[in-house]
Amino acid sequence: MPEGLVAVLWAILKATIALAFIGLNFMFLVWLERKVSARIQYRVGPYRVGKPHGWLQLIADAIKMFSKEDVMPAAADRWVWAAAPVVVFAPAVLLFVILPVGPDFGVQPDFNLGLLFLSAVSSFTLFGIFMAGWGSNNKYSLIGAMRAAAQLMAYEIPLVLAVLGVVMLAGSLSLQDIVEAQRTYWFVFPQFLGFIVFLIAAIAELNRTPFDMAEAESELVAGYFTEYSGIRWGMFMFAEYTNLFTMSAIAASLFFGGWNGPLLPPVVWFLIKTYAFVLLAMWIRWTLPRIRIDQLLDLGWKFLVPVGLLNLVITGLFLV
Amino acid sequence: MSGGAVIFAILAAVVLLGAWRVVTSEQIAHSALFLGLTFVGMAGLFILLQAPTFALLHVLVYVGAILTVVVFAIMLSDPEELRGPGELPPAERLRRRLRSPYYGWIPVVVAGVLVAVVLAGLAAAQLPRVPLGDPVADDLRAIGGEMFTRYAVPFEVASAALLAALIGAIGLTRRDAAEERGRTRGRVAPATPDAGGGEASPAGRGRPAAEPAASGAVSGTQGGTSGAGAAVAAGTAREVGR
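Residues numbered from 1 in each chain as written. Chains lettered and ligands numbered in written order. Predicted model: local features only at pLDDT ≥ 70, side-chain atom pairs only at ≥ 80, totals over all residues. Heavy atoms only, no water.

**Student:** Any chance you could break down the overall build of chain B for me, citing the residues and the numbers?
**Tutor:** Within chain B, the regular secondary structure consists of 12 helices and 0 strands. Along chain B, from the amino end to the carboxyl end, the secondary structure elements read α-α-α-α-α-α-α-α-α-α-α-α. By residue count, 26% of the 242 residues in chain B fall in the buried class. Summing over all exposed atoms, chain B offers an accessible surface of approximately 15400 Å²; the carbon and sulfur share of this is 70%. (Helix = DSSP H or I, 4+ residues; strand = E, 2+ residues; numbered from the N terminus. Buried < 20%, exposed > 50% of the residue type's maximum accessible area, 1.4 Å probe, protein only. Areas by Shrake-Rupley, 256 points an atom, 1.4 Å probe, with all protein chains shown as cover.)

**Student:** Residues and numbers for the overall build of chain A, please.
**Tutor:** Helix and strand counts for chain A stand at 12 helices and 0 strands. Order of helices (α) and strands (β) in chain A, N terminus to C terminus: α-α-α-α-α-α-α-α-α-α-α-α. Its C-alpha atoms give chain A a radius of gyration of 20 Å, near enough to 20 Å, the size a compact globule of 320 residues would have. For chain A, the spread of C-alpha atoms along the three principal axes comes to 60 × 55 × 45 Å. A total of 320 residues make up chain A; the buried ones form 53% of that total. The contacts in chain A between residues at least 6 apart in sequence include a share of 76% that link residues at least 24 apart. Total accessible area on chain A is roughly 14600 Å²; 72% of this is exposed by carbon and sulfur atoms. (Rg over C-alpha atoms; globule rule 2.2 N^0.38 Å. Contact = heavy atoms within 4.5 Å.)

**Student:** Describe in detail the packing of aromatic side chains, supporting the description with residues and values.
**Tutor:** Applying the stated criterion across every chain yields a total of 18 aromatic pairs over all chains. Their ring planes at 55° and their centres at 5.4 Å tell us that Phe-198 of chain A and Phe-255 of chain A sit as a pair that is tilted. On the criterion of sequence distance, the pair formed by Phe-198 of chain A in helix H8 (residues 192-205) and Phe-255 of chain A in helix H10 (residues 230-255) is long-range, its members being 57 residues apart. For Phe-255 of chain A, a relative accessible area of 0% translates into the label buried. Put simply, the rings of Phe-21, Phe-28, Trp-31, Phe-96, Phe-245 and Tyr-275 of chain A pair up and form one aromatic cluster. Positioned over the ring face of Trp-20 of chain B is Arg-21 of chain B, at 5.8 Å from the centre of the ring. (Phe/Tyr/Trp six-rings, centres within 6.5 Å; stacked < 30°, edge-to-face > 60°. Lys NZ or Arg CZ within 6 Å of the ring centre and 35° of its normal.)

**Student:** Account for the packing of helix H6 (residues 139-170) of chain A against helix H3 (residues 52-76) of chain B, with residues named and values stated.
**Tutor:** Running from N to C, H6 of chain A and H3 of chain B point in directions that differ by 140°, and their axes come no closer than 9 Å. As summarised for this structure, H6 of chain A and H3 of chain B are arranged oblique, according to the angle between their axes. Judged by the sense of rotation from one axis to the other, the crossing of H6 of chain A with H3 of chain B is left-handed. Touching Leu-142, Ala-145, Met-146, Ala-149, Ala-150, Leu-152 and Met-153 of chain A of H6 of chain A are Thr-68, Val-69, Val-71, Phe-72, Met-75 and Leu-76 of chain B, all from H3 of chain B. (Axes fitted to C-alpha atoms, helices over the stretch in contact; angles between N-to-C directions. Parallel < 35°, antiparallel > 145°, perpendicular 65-115°, else oblique. Left-handed = near helix turned anticlockwise from the far one by under 90°.)

**Student:** An account of the pattern of salt bridges is needed here, citing residue identities and associated values.
**Tutor:** All names here are of chain A. For the coordinates displayed, the defined rule picks out 2 salt bridges over all chains. For Glu-33, the salt bridge is made with Arg-285, and the minimal N-O distance between the two is 3.1 Å. Of this pair, Glu-33 sits in helix H1 (residues 3-40) while Arg-285 sits in helix H11 (residues 266-287); the two residues are 252 residues apart in sequence, bridging distant segments of the chain. Between Asp-298 and Lys-302 there is a salt bridge, with its nearest N and O atoms 3.3 Å apart. Here the residue Asp-298 and the residue Lys-302 both occupy positions in helix H12 (residues 293-319), the gap between them amounting to 4 residues, near one helical turn. Lys-302 gets classed as exposed once you look at its relative accessible area, which sits at 63%. (Salt bridge = Lys/Arg side-chain N within 4 Å of Asp/Glu carboxyl O.)

**Student:** Residue-level account of the side chain of Asn-25 of chain A, with values.
**Tutor:** Take Asn-25 of chain A: it is sitting in helix H1. Apart from residues lying up to four places away in sequence, Asn-25 of chain A is in contact with Tyr-241, Phe-245 and Tyr-275 of chain A.

**Student:** So what's going on with the confidence of the model for chain A? Residues and values would help.
**Tutor:** For chain A, mean pLDDT is 81; residues scoring 70 or higher make up 96% of the total. Across chain A, the secondary-structure element scoring lowest on mean pLDDT is helix H9 (residues 217-220) of chain A, at 70, and the one scoring highest is H8 of chain A, at 86. (pLDDT = per-residue confidence, 0-100.)

**Student:** I'd like a rundown of H1 of chain A, residues and numbers included.
**Tutor:** The end-to-end C-alpha distance of H1 of chain A, which contains 38 residues, comes to 53 Å, matching closely the 56 Å that a straight helix rising 1.5 Å per residue would cover. Buried within H1 of chain A we find Ala-18, Ile-22, Asn-25, Phe-26, Leu-29, Trp-31, Leu-32, Glu-33, Lys-35, Val-36, Ser-37 and Ala-38 of chain A. (Expected span 1.5 Å × (residues − 1).)

**Student:** Any details on unusual backbone geometry? Residues and values, ideally.
**Tutor:** A positive phi angle, close to 55°, is found at Tyr-42 of chain A, a residue other than glycine. Take Tyr-42 of chain A: its relative accessible area is 81%, and that puts it in the exposed class.

**Student:** So what's going on with the interface of chain B and chain A? Which residues, and what values?
**Tutor:** One frequently used descriptor of interface size is the decrease in accessible area upon assembly of the parts. Of the residues lining the interface, 26 residues belong to chain B; the matching set on chain A comes to 25 residues. Around 2400 Å² of area is buried between chain B and chain A when both sides are counted, 84% of it from carbon and sulfur atoms. Connecting chain B to chain A are 0 salt bridges. Taken together, chain B and chain A are joined by 0 residue pairs in polar contact (both at pLDDT 80 or more). Those elements that provide at least two residues to the side of chain B that touches chain A are helix H2 (28-48), H3, helix H4 (79-83) and helix H7 (140-148) of chain B. If one sorts the elements of the side of chain B that touches chain A by residue count, H3 of chain B sits on top with 16 residues. (Buried area = accessible area lost by both parts, 1.4 Å probe. Polar contact = N/O pair within 3.5 Å; in protein donor to acceptor, adjacent residues only side chain to side chain.)

**Student:** With reference to specific residues and values, describe empty space enclosed by the protein.
**Tutor:** Residues and elements named next belong to chain A. Under the defined criterion, the tally for this structure stands at 4 cavities of 30 Å³ or more. Its boundaries defined by the atoms lining it, the largest cavity holds a volume of some 310 Å³. As for the largest cavity, its lining consists of 23 residues, of which Thr-125, Glu-205, Leu-206, Asn-207 and Asn-243 are closest to the centre. Contributing elements (two or more residues each) for the lining of the largest cavity: helix H4 (114-122), helix H5 (124-135), H6 and H10. Element by element, the count of residues in the lining of the largest cavity is highest for H10, at 6 residues. Grouping the constituent residues of the lining of the largest cavity by class yields 14 nonpolar, 6 polar and 3 charged. (1 Å grid on protein atoms, 1.4 Å probe; cavity = no way out; pocket = protein on both sides within 12 Å on 5 of 7 lines; lining within 4 Å. Points joined across faces, edges and corners; volume = space filled by probe spheres on them. Nonpolar A, V, L, I, M, F, W, Y, C, P; charged D, E, K, R; others polar.)

**Student:** Describe the UniProt feature "transmembrane region" (unreviewed entry) in chain A, naming the residues involved and giving the relevant values.
**Tutor:** Residue and element names in this part refer to chain A. Following the UniProt record, the feature "transmembrane region" (unreviewed entry) maps to residues 6-32, 79-99, 111-132, 152-173, 185-204, 241-261, 267-288 and 300-319 here. Each end of residues 185-204 is marked by a C-alpha atom, and these two atoms are 28 Å apart; helix forms 65% of the span and strand 0%. Counted over residues 300-319, helix gives 100% and strand 0%. Its end C-alpha atoms are 27 Å apart. (UniProt positions renumbered as here; feature names shortened; annotations may be inferred.)

**Student:** An account of H10 of chain A is requested, with residue identities and associated values reported.
**Tutor:** Residues and elements named next belong to chain A. Counted at 1.5 Å a residue, the expected span for H10 with its 26 residues is 38 Å, and the 38 Å between its end C-alpha atoms agrees. Burial within H10 is extensive, with 23 of its 26 residues counted as buried. Note on H10: the residue one or two positions beyond its end, Gly-257, has a positive phi of about 75°.

**Student:** Would you mind going over a nonpolar patch on the surface in detail, with residue names and values included?
**Tutor:** Residues and elements named next belong to chain B. The grouping of Trp-105, Ile-106, Val-109, Val-110, Val-113, Leu-114, Val-115, Val-117, Val-118, Leu-119, Leu-122 and Leu-127 at the surface amounts to a nonpolar patch, some 1200 Å² of accessible area in total. Relative to the helices and strands, Val-117 resides in helix H6 (residues 105-125). Among the residues examined, Val-117 registers a relative accessible area of 53% and is labelled exposed. (Patch = residues over 30% accessible without salt bridge, like charges linked within 9 Å, V, L, I, M, F, W, Y side chains within 5 Å.)

**Student:** If you had to explain the environment of Ile-250 of chain A to someone new, which residues and values would you point to?
**Tutor:** Residue and element names in this part refer to chain A. As for its position among the elements, Ile-250 is in helix H10. Spatially, the C-alpha atoms of Ile-250 and Phe-277 are 9.8 Å apart, while their sequence positions differ by 27 residues. Each residue touching Ile-250, except ones within four places of it in the same chain, is listed here: Leu-99, Leu-118, Leu-175 and Phe-198.

Now the structure itself:
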């Protein structure tokens with residue numbers, strides 16, 4: 001077989017494995033979130049469907065989601081409304097391209113512009129949210145989208161600042177090089193300030209409690225995706241949980257050595273560290289109440305940005 | 001036609017269609033979304049030219065920053081104003097457009113002049129030909145190095161200009177103390193009566209009323225009685241604007 005064809009087939013195979021993993025991971029995370037929230041609230045969670053701890057519940061959820069009626073609001077802006085889930089969904093899947101799962105293993109972990117790709121692609125999510133909020137023609141959706149837009153600038157900048165510290169230490173934008181650079185010590189030690197900033201900004205980026213003002217189910221009835229049902233709603237959920245996994249994997253790769261670790265194979269270390277962050281995010285979600293939007297803006301501009309800049313200065317001095 | 005030419009044709013069509021819809025959309029939100037489509041098409045063209053760094057930077061700056069601010073501004077405006085009429089029959093819409101200078105003949109003249117200037121410039125400039133696939137310094141390190149050495153002065157001047165614009169914007173939006181006192185005494189902003197004469201609105205779409213409506217909303221949060229007055233005034237302005 002010619003060289004080019006092999007490369008194409010190999011790329012398609014890797015993409016297929018990644019997509020299958022994304023699907024399974026989504027169902028697993030939904031189940032996990034229900035179990036974790038139940039545990040935190042002294043409940044049992046899904047238990048009846050499937051014998052050990054309701055594991056079949058996730059299949060039942062998926063079937064329900066696919067078979068539900070797809071309802072479009074009469075006043076909706078048809079095209080914008082219909083396209084919004086796709087615009088939210090696509091970047092979530094695209095980000096899998098840069099994840100370093102193991103040494104030289106992943107879809108394209110040695111992409112030399114990896115982190116630039118991360119910030120470029122993740123900026124599309126806001127447009128999906130805006131399209132959903134606008135297209136629904138519903139005041140709650142619109143308020144949700146407005147909050148998302150207002151929030152975005154308060155945490156995107158600290159997020160980039162926090163990542164820049166790591167980039168300065170590793171001297172590369174490729175996640176693979178960054179993980180390789182942490183063979184001797186994890187970057188969380190020299191970059192502790194950066195890690196704190198990254199953690200807070202990443203949870204805000206994921207729209208999870210305590211920063212979920214954009215969907216705020218108790219006041220905005222799920223905000224920008226109030227009007228979605230069935231599989232379109234499922235795509236929002238899909239994007240949310242896939243983003244949760246991706247952000248956790250990026251946090252693990254940037255600050256906790258990614259797949260580096262003794263004894264166990266690298267892929268296992270990658271998954272352990274990533275799911276540890278997923279659990280941390282779930283723990284935070286079910287422990288803390290939602291803050292107000294002005295509190296997030298205060299936190300973003302008056303704490304995260306100065307601390308992120310300070311971290312950059314310290315890293316620069318350290319490097320010189 | 002090679003594969004590259006086909007992809008170029010598709011991307012060019014996306015960019016042109018998007019740009020055309022940006023200026024012809026009835027709703028400003030649609031314009032913003034088509035602007036995003038245009039930016040994505042442009043990024044695709046950069047990738048076609050084998051410049052992925054520029055493509056990503058383009059998306060990051062134009063979609064991630066500029067369009068975000070545009071969306072932010074749209075979200076802060078009155079949604080009722082922004083949605084536009086929407087129910088006009090196409091023939092009526094076309095007639096109004098051709099009659100109004102804003103949507104009819106002025107853009108045609110401006111676009112014609114622009115095309116003529118650009119074509120004349122291209123013919124005169126004798127641009128150097130860069131072979132396709134030759135990396136034109138598409139290396140982040142190279143770009144960063146150039147920016148802090150050879151182009152350090154233009155770079156700093158550009159950031160100083162942006163800083164000045166930022167300070168100017170803050171200065172413009174900040175209301176001084178005297179105006180603040182005027183508002184609390186019940187003197188509604190003088191902008192309201194101007195907007196009542198909605199003849200500036202070309203197709204009766206109520207654009208001029210958007211500004212007083214926004215200021216009414218702001219003063220509504222400032223002081224109780226005057227805020228209500230401003231809101232009412234803005235409401236009437238909106239009616240006339242339609």
